[in-house]
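Structure assessment
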Amino acid sequence: QVQLVESGGGLVQAGGSLRLSCAASGSIFSPYSMGWYRRGPGKQRELVADITSGRTGNTNYADSVKGRFTISRDNARNTVYLQMNSLKPEDTAVYYCNYKFESLLYWGQGTQVTVSS
């Protein structure tokens, strides 16, 4: 069992920044991939960004956040980060961390990000 705990969500004004963190604990095996998804009001869950294992990792971003968000990981701490800059009201959503090892997939509880005008 892998547990994921997110932190860093909150309320910010448009143009501001937040950094989300997600720490994995439990039965962790490497290599693993981690990522961030979000679900906005009345919307489907969508991929925000993900990152593969490795020293730097390969990253993938949704077009809507490319150039504004940066995903990174600290393998020693089994933690993934999402640096969110130039936030827009449309970024408002519940953000979910996920962990993937082979066929195993785990999700965090979600953290609310609200961007005001």
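These figures come from a predicted structure and were not determined experimentally. (Residues numbered from 1 in each chain as written. Predicted model: local features only at pLDDT ≥ 70, side-chain atom pairs only at ≥ 80, totals over all residues. Heavy atoms only, no water.)

1. Describing the packing of aromatic side chains
Stated precisely, the cut-off is as follows: When two rings of Phe, Tyr or Trp (its six-membered ring) have centres within 6.5 Å they constitute a pair, described as stacked for plane angles under 30 degrees, edge-to-face for angles over 60, and tilted for the intermediate range. Going along the chain from the N terminus, every DSSP run of H or I of four or more residues is numbered as a helix, and every run of E of two or more is numbered as a strand. When a residue's accessible area, from a 1.4 Å probe over protein chains only, is under 20% of the maximum for its type it is buried; when over 50% it is exposed; and in between it is partly exposed.
The full count for this structure, using the stated rule, is four aromatic pairs. Plain terms: the ring middles of F29 and F101 are 5.5 Å apart, the flat faces sit at 25° to each other, and that makes the pair stacked. Linking F29 in the loop between β3 (18–26) and β4 (33–39) with F101 in strand β9 (residues 93–101), this pair joins segments that are 72 residues apart in sequence. The class for F101 is buried, based on a relative accessible area of 13%.

2. A look at the pattern of salt bridges
Rules: Between Lys or Arg on one side and Asp or Glu on the other, a salt bridge is scored when a side-chain nitrogen of the former is within 4 Å of a carboxyl oxygen of the latter.
Inspection of the entire model under this criterion finds four salt bridges. In this structure, the salt-bridge partner of R38 is E46, at a minimum N-O distance of 2.8 Å. K66 is the salt-bridge partner of D63, the closest N and O atoms lying 3.4 Å from each other. A relative accessible area of 68% means that D63 is categorised as exposed. In the salt-bridge network here, residues are joined through shared partners; they are R38, E46, R68 and D91.

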